[in-house]
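# Survey of secondary and tertiary structure
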Amino acid sequence: MFFMQISSVARSAGRRATAAAAYRAGERLRDERSGELINYGRRRDVLHTEIFLPGQFDGLPVSWARNRQKLWNTAEHAEKRHNARVAREYQVSLPAELNAGQRIALARPFPDTWRSATR
């Protein structure tokens, strides 16, 4: 069974990219716009996290984009409007019959497909 849901992280809905990223990754991140420390570090149900960057950045010095806190604070700062859509969330449920390594290998090609489908 496969399930995918795409949703927006929009300020108009009271959401923040930093909070969404902290929750999904089960990490502790500081939101620079509010100064708030968002802590989901106690979550034990996060099995794997990974940041996918567009292929156009391959070989470029974008180490800041692999740092979750810097990446999502940069996204928040890039949008100035009070009702901006600052991120998209892609939630995918993959078959439980696959082991963790198989699910990760199956999920890795999706970001390139999603990017072209949402343009």
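Preceding this paragraph is the structure being described.
Residues numbered from 1 in each chain as written. Predicted model: local features only at pLDDT ≥ 70, side-chain atom pairs only at ≥ 80, totals over all residues. Heavy atoms only, no water.

## Observations regarding the side chain of Glu76
Put simply, the rule reads: Numbering of helices and strands runs from the N terminus; a helix is a DSSP stretch of H or I covering at least four residues, while a strand is a stretch of E covering at least two. Contacts: residue pairs with any heavy atoms within 4.5 Å of one another.
Checked against the element boundaries, Glu76 lands in helix α2 (residues 68–78). Residues contacting Glu76, with those up to four places away along its chain left out, are Arg11, Arg16, Ala17, Thr18, Arg33 and Val86.

## Overview of the environment of Gln5
Note that Gln5 resides in strand β1 (residues 3–10). As for Gln5 and Gln91, which are separated by 86 residues in sequence, their C-alpha atoms are 5.2 Å apart. Beyond its immediate stretch of four places on either side in the chain, Gln5 contacts Glu89, Tyr90 and Gln91.

## As for the side chain of Asp31
The line we're drawing: Each residue gets one of three labels from its accessible area relative to the maximum for its type: buried under 20%, exposed over 50%, partly exposed in between, using a 1.4 Å probe on protein chains only.
Within the secondary structure, Asp31 is located in the loop between β2 (28–30) and β3 (37–39). When its relative accessible area of 1% is taken as the criterion, Asp31 is described as buried. Every residue in contact with Asp31, bar those within four places of it in the chain, is listed here: Arg16, Thr18, Glu36, Ile38 and Asn73.

## Digging into the pattern of salt bridges
Heads up, the rule is: Every case where a carboxyl oxygen of Asp or Glu lies within 4 Å of a side-chain nitrogen of Lys or Arg is listed as a salt bridge.
All chains considered together, the criterion is met by 9 salt bridges. Here Arg33 ties to Glu76 by a salt bridge, and the two come within 3.6 Å at their closest N and O atoms. With a gap of 43 residues between them, Arg33 in the loop between β2 and β3 and Glu76 in helix α2 connect regions that are remote in the sequence. With a relative accessible area of 1%, Glu76 lands in the buried category.

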